[in-house]
Amino acid sequence: MGRRKVEKRELPAPTGESEIWKIAALLVNRLKIGAPAYAARRGEHARRNGDDATRRIWMRINAAIEELLKAAPDENDTVH
């Protein structure tokens, strides 16, 4: 099974919580368990380029991805 490429576009940075979750859901839908690695790579790329704001956004997206990939919510989790 080959790697899938996710098309990169110049879009405004997501700032709202709903935008973060929409992006996370899209990546999980397209990349499945590869989504966290993709988000981590994008965050690392931003860090290497000195773009801390973008790095923080990718960290938030990665956290949302991890929540979406959980098998079942924990007792104290909020379900989105």
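This text gives an overview of the structure that appears in the document. (Residues numbered from 1 in each chain as written. Predicted model: local features only at pLDDT ≥ 70, side-chain atom pairs only at ≥ 80, totals over all residues. Heavy atoms only, no water.)

Across all of its chains, the model carries 1 aromatic pair by this definition. A centroid spacing of 5.9 Å and a plane angle of 80 degrees characterise the contact between tyrosine 38 and tryptophan 58, whose relative ring orientation is edge-to-face. Here tyrosine 38 is found in helix α2 (residues 35–48), whereas its partner tryptophan 58 is found in helix α3 (residues 52–69), with 20 residues between them in sequence. Among the residues examined, tyrosine 38 registers a relative accessible area of 9% and is labelled buried. For tryptophan 58, a relative accessible area of 12% translates into the label buried. (Phe/Tyr/Trp six-rings, centres within 6.5 Å; stacked < 30°, edge-to-face > 60°. Helix = DSSP H or I, 4+ residues; strand = E, 2+ residues; numbered from the N terminus. Buried < 20%, exposed > 50% of the residue type's maximum accessible area, 1.4 Å probe, protein only.)

What follows covers the pattern of salt bridges. Side chains carrying opposite charge are able to pair once their charged atoms draw close together. Enumeration over the complete set of coordinates arrives at 6 salt bridges. In this structure, the salt-bridge partner of arginine 56 is aspartate 52, at a minimum N-O distance of 2.4 Å. Placement of both arginine 56 and aspartate 52 in helix α3 is noted, with a separation of 4 residues, approximately one turn of the helix. Of the residues examined, arginine 56 reaches a relative accessible area of 43% and is grouped as partly exposed. (Salt bridge = Lys/Arg side-chain N within 4 Å of Asp/Glu carboxyl O.)

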